Structure formats: C-alpha cells, structure tokens
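Here is how the chains run, residue by residue.
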Amino acid sequence: MAEAVLIDLFSLPANLQNNIQGLLCNTLETIEKCFSIPAPFVYVMCCQRQGSERNGEQESLLPALRDFQSLKKRLEVVCALTTAAALYTIKQRLDEKDLSIIKVILPTIRKDLMKVYIDHLFTAVYQFEFEDLQVASDCENLQIAEPQSEEQTLPTQDVALIRSEIQMYLESLPSLKGELTILRSSLIPDDIFLHGFTTRTGGISYIPTLSSCNLFSSSKRRDPQVVVKENLRRLANTVGFNPETFHKVKIDHANAVCIMGKTEPDSYDGIVTNQKGVTIAAPGADCIPVLFADPVRKACGAAHSGWKGTLLGVSMATVNAMVSEYGCNVKDILVVLGPSVGPCCYKLPHESAKEFHRIDPKCVRLFDSANPYIDIRRATRILLESGGILPENIQDDSVTDQNQNITFCTACHPDKFYSHFRDGTNFGTQIGFISIKD
C-alpha cells in the first residue's frame with residue numbers, strides 16, 4: 001500500500017486542462033474511499049506561472065479540495081516554476097516523514113518524462129508505482145502495482161534538457177549549515193599540492209544525518225547522485241580543482257590500489273597519481289581518509305582505511321604503489337591521517353580486536369571485554385613506520401600535534417563530521433582529497 005500519493009497536474013494536455021477540478025475531485029474521492037486509515041499523504045503538483053503569485057494555482061484548486069476533510073491535514077498543493085523544483089520539494093516532504101512507497105497519478109504522456117526526473121532525484125530507497133490520471137477513479141486501478149521494467153523511451157535531447165533543468169535548480173539552492181570548511185595539513189607543501197579534508201557544512205543535502213556537504217551516494221541512502229555532484233561542484237569551486245578530473249576510490253574495504261592512467265580495477269581502496277590537475281580522493285565516515293604526498297618526485301595518493309583495510313595494509317600498499325610506479329623514496333613520502341573514529345568511541349568484537357592486539361597491545365583497550373575499544377590510527381601509524389615511513393612524516397593530530405586540528409574523532413564531533421558509528425545506516429560521508437598543482 002502506498003504511503004504517499006503524488007498527483008501530477010503540472011503540464012496537463014489541453015483536453016484535460018479544462019476539467020482540472022473535476023479530475024482532481026474524482027482522484028481525491030477515490031483515494032479517500034480506497035485507502036485504509038490513516039489515509040496516505042497526498043501531494044498535488046502544479047505549475048506556478050512565471051510572474052504570478054506563488055499561491056495562484058493553489059487558490060484555483062481550493063474549491064476542489066474543500067470537501068476532503070479526511071485528507072485535509074495530509075493534503076498539500078506544491079506549486080513551482082519547474083517540475084524539478086516541485087518534485088524536489090515533494091521529496092523533502094517524503095524524507096521528513098520517512099516515506100518510501102509512492103503512487104504517482106499523472107497524464108499518460110507525462111509518464112516517461114516523470115520517470116527520468118525520478119531516476120535522477122531519487123534512489124533505490126524509494127518505490128514508485130504509476131497510474132493514469134484519467135482512469136484513477138476506482139480502487140482496483142489504485143491498488144495494482146505496475147511493473148517497473150519498461151524501457152526509457154524519451155529522446156536523448158529531452159533527457160539532456162531534464163538533466164540541465166535539475167542541475168540549474170540544484171545550483172540555485174542555498175548552502176546549508178554554514179559555509180564550506182576545509183581542513184588542511186601544514187605537513188603537505190601547498191606550493192606543490194592542493195589538498196584538504198572536508199567537513200559536513202556548505203552543501204545542499206538536507207536530511208539530518210546527511211546534511212549538508214555529503215559526498216557519497218548509494219542505493220541504500222536517500223541522497224541521489226545529482227545532489228552529491230552539486231556538493232562536489234561547490235567544493236571544487238571553493239577549493240579550485242576541476243570536478244571533471246576528480247577520481248574517488250571504489251571502496252572494497254581491502255588493499256587494492258588504482259594507478260591513474262592504467263586499467264582501473266573494479267574496486268580499490270587506494271589511488272595514486274603523478275598527473276598534474278587530477279584530483280584523487282578517499283571517503284571517510286569513521287574510516288580514515290589517508291593522504292600521501294611526495295614533494296620530491298611530485299606524486300600523491302589517497303587511501304580509505306577502515307578496520308579491515310588497516311589490517312590488510314592498504315596504507316602501505318598505497319606507499320608501495322608510489323614507490324614502484326613513480327620511483328618515490330619511502331623516506332620522502334608525507335602521510336596525513338584525516339578525521340576518523342577515535343579509540344575513545346570505536347569498538348570491535350573480540351575476535352577482530354585480536355588482530356589489532358597482535359600489531360601492538362596499545363591498539364586495544366579493555367582487551368578482555370566482548371567488544372574492546374580499537375585504535376585504528378595507531379595501527380596505521382605502526383604499519384607505516386614498519387614499512388619505512390619516517391615518524392616525523394606522519395601527521396596524526398590525536399598524538400602528534402593537537403593544534404593542527406585534522407585528526408578529529410568523527411563520532412565525537414557531530415557538528416563537524418559524519419559518522420556511520422554514530423548516525424546509523426543513512427549516514428553522510430566526507431573526503432580527503434589531493435592533487436598536484438599545474
């Protein structure tokens with residue numbers, strides 16, 4: 001059963017335009033009659049004419065809405081200049097209420113168009129069913145879920161126009177939670193490298209656990225790729241890199257490393273390059289985003305180091321790739337550990353903790369408990385030093401220099417960082433990024 005119903009009156013064909021109130025009344029009557037208590041949330045989407053009053057369309061629909069008392073508190077008319085703006089506003093309402101199953105009632109000729117908007121603005125978290133506006137007048141039609149396997153039939157140029165409309169709308173939105181804030185290390189020379197670690201402010205993601213500069217999208221979260229892309233565009237504009245030459249690791253929680261310019265693996269947690277103007281990045285939302293810079297050979301790397309990747313040696317695998325591919329000397333490589341969950345908060349089952357205890361007993365606190373506290377940063381530093389990285393070339397603020405303010409505990413600072421450990425499955429993601437300046 002649908003949790004919400006979207007009635008699309010945005011661009012009705014001429015033969016329906018003359019009977020807009022009748023169509024709406026019939027549809028609302030059917031919804032009121034056929035859905036169980038509580039009634040679904042109902043959103044009526046219509047076009048706000050350029051230069052008209054914002055509530056002009058809503059006023060014209062009021063006579064059709066007055067008789068539906070059972071829907072009154074769950075019924076909203078959303079007027080906007082574009083379909084993208086109206087649909088994104090409705091998405092915000094759905095997300096506020098944690099709704100995921102949506103029935104869309106719309107003119108047949110709008111269906112393929114609407115599917116493109118939905119594909120871009122929503123993720124697989126949501127389930128959509130479609131019904132023809134003219135026949136949505138009995139319970140049987142409203143209850144049947146339509147198969148979602150139909151091919152996209154819109155011409156390529158129409159799809160491109162929709163993408164452009166969505167992008168323009170997202171670019172017009174104000175930043176949330178303050179300005180973009182980037183943390184930088186004094187260890188990495190800024191005359192050679194552009195680098196930093198993002199925080200959670202300055203983007204457009206509005207869901208509380210994802211707000212506001214979330215930089216990762218997946219089928220399990222509510223932030224679509226277009227929103228993440230807009231957040232990245234704002235970051236790139238602020239920092240000064242090209243988002244078109246941006247490459248982020250494809251997380252596998254292992255130790256594979258991608259060499260930029262060579263065949264890209266299906267998944268990898270480390271990435272290295274010596275190409276100027278190419279920005280590489282590693283995400284983190286408790287896992288450590290680790291940046292590597294060799295100012296002598298002018299090469300750099302980024303790695304995503306969670307507890308599994310740490311044990312598998314992803315950081316040294318990234319160092320070794322820089323040595324073998326670019327002729328770097330291990331003693332020249334600088335390493336900065338970004339914001340990550342600290343030993344104050346992070347726990348693992350005892351069996352996993354044993355592996356960290358073998359690296360160094362000081363990596364584990366309350367070892368005899370069922371879920372000891374783990375210091376993945378300390379383990380990372382020990383493995384790097386064992387591989388030849390000089391201790392003074394590793395920056396981990398939690399032990400080396402409290403004043404640098406880079407290696408925060410993500411779980412302890414909800415105002416600054418995302419945390420899977422703290423926020424659960426619908427969590428946001430920050431990144432560490434680095435590039436060689438032109």
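In this text the structure is predicted, and so the values were computed from the model without any measurement.

The rules behind the values
- Residues numbered from 1 in each chain as written.
- Predicted model: local features only at pLDDT ≥ 70, side-chain atom pairs only at ≥ 80, totals over all residues.
- Heavy atoms only, no water.
- Helix = DSSP H or I, 4+ residues; strand = E, 2+ residues; numbered from the N terminus.
- Buried < 20%, exposed > 50% of the residue type's maximum accessible area, 1.4 Å probe, protein only.
- Contact = heavy atoms within 4.5 Å.
- Areas by Shrake-Rupley, 256 points an atom, 1.4 Å probe, with all protein chains shown as cover.
- Lys, Arg positive; Asp, Glu negative; His and termini not counted.
- Charge placed at Lys NZ, Arg CZ, Asp CG, Glu CD.
- Domains from an automatic or database assignment.
- Buried area = accessible area lost by both parts, 1.4 Å probe.
- Salt bridge = Lys/Arg side-chain N within 4 Å of Asp/Glu carboxyl O.
- Pairing = 2+ DSSP bridges.
- Axes fitted to C-alpha atoms, helices over the stretch in contact; angles between N-to-C directions.
- Parallel < 35°, antiparallel > 145°, perpendicular 65-115°, else oblique.
- Left-handed = near helix turned anticlockwise from the far one by under 90°.
- Nonpolar A, V, L, I, M, F, W, Y, C, P; charged D, E, K, R; others polar.
- Polar contact = N/O pair within 3.5 Å; in protein donor to acceptor, adjacent residues only side chain to side chain.

Draft legend 1. The arrangement of the overall build of the protein in detail. Scanning the protein from terminus to terminus reveals 13 helices and 18 strands. Structurally, the protein occupies a C-alpha span of about 75 × 50 × 40 Å along its principal axes. A buried classification covers 54% of the 438 residues belonging to the protein. For the protein, long-range pairs separated by at least 24 residues make up 70% of all intrachain contacts whose partners lie at least 6 apart in sequence. Surface summary for the protein: the accessible area is close to 19,200 Å², and the carbon and sulfur share equals 50%. Across the protein, the mean location of the 43 positive side-chain charges is 4 Å away from that of the 52 negative side-chain charges.

Draft legend 2. Fine view of the domain arrangement of the protein. If you check the domain split of the protein, you get domain 1 (4-135 + 158-171) and domain 2 (176-436). Taking only C-alpha atoms into account, the centre of domain 1 sits 41 Å from that of domain 2. Of the roughly 1,300 Å² buried at the junction of domain 1 and domain 2 (both faces included), carbon and sulfur atoms supply 54%. The largest per-residue losses of area from domain 1 upon contact with domain 2 belong to Thr123, Leu170 and Glu171, which jointly make up 35% of the total buried on that side. The interface formed by domain 1 and domain 2 contains three salt bridges. Of the charged contacts, one joins Asp98 and Arg222 as a salt bridge, the two residues approaching to 3.1 Å between their closest N and O atoms.

Draft legend 3. Geometry of the sheet that holds strand S5 (residues 127-132). Within the open sheet, the five strands sit side by side as S3-S2-S1-S4-S5. Their pairing is parallel. Since the sheet does not close on itself, it has two edges, and those belong to strand S3 (75-80) and S5, each with one partner. Strand after strand, the sheet turns through a mean of 20° between neighbouring axes, direction not considered. Bridging between strand S1 (residues 4-8) and strand S2 (residues 41-47) involves five bridges; their strand directions are parallel. Considered in S2, the bridge of Asp8 is made with Met45. Relative to S5, helix H5 (residues 111-121) is tilted by about 165°, and along the sheet it contacts S1, S2, strand S4 (101-106) and S5.

Draft legend 4. Molecular detail of the packing of H5 against helix H7 (residues 156-172). Closest axis-to-axis distance for the H5/H7 pair is 10 Å, and the angle between their directions is 45°. One element, H5, and the other, H7, form an angle in the oblique class. Here the hand of the crossing between H5 and H7 comes out right-handed. Within the contact between the two elements, H5 uses Leu113, Val116, Tyr117, His120 and Leu121 and H7 uses Val159, Ile162, Arg163, Glu165 and Ile166. The class makeup of the residues in the contact of H5 with H7 is seven nonpolar, one polar and two charged.

Draft legend 5. View of the side chain of Asp286. Take Asp286: it is sitting in the loop between strand S11 (279-284) and strand S12 (288-294). The buried charged residue Asp286 lacks any salt bridge, with Arg422 as its nearest oppositely charged partner at 6.4 Å. In this structure the side chain of Asp286 is engaged in a polar contact, spanning 2.8 Å, whose partner is the side chain of Thr410. In this structure the side chain of Asp286 is engaged in a polar contact, spanning 2.5 Å, whose partner is the backbone nitrogen of Phe421. Those residues in contact with Asp286 that lie beyond four places of it in its chain are Ser340, Val341, Ile376, Thr410, Ala411, Tyr418, Ser419, His420 and Phe421.

Draft legend 6. Structural view of the pairing of strand S18 (residues 430-436). Judged by how many residues are buried, S18 sits mostly within the fold: seven of seven residues are covered. Neither face of S18 is exposed, since Gln430, Gly432, Ile434 and Ile436 on one face and Ile431, Phe433 and Ser435 on the opposite face are all buried. As defined by bridge partners, strand S7 (residues 193-198) adjoins S18 across five bridges and the pair is classed as antiparallel. Across the sheet, the residue bridging to Phe197 is Gly432, located in S18. Two elements, S11 and S18, share five bridges in a ladder whose sense is antiparallel.

Draft legend 7. Representation of the sheet that holds S11 within the structure. The mixed open sheet is built from five strands, whose spatial order is S6-S7-S18-S11-S8. The open sheet has two free edges, formed respectively by strand S6 (182-183) and strand S8 (246-248), since each of these has just one partner strand. Where S6 meets S7, two bridges bridge the pair, whose relative direction is antiparallel. Looking at S7, one finds that Ile182 is bridged to Thr198. Packing of helix H8 (residues 225-239) onto the sheet brings it into contact with S6, S7, S8 and S18, and relative to S18 it is tilted by some 45°.

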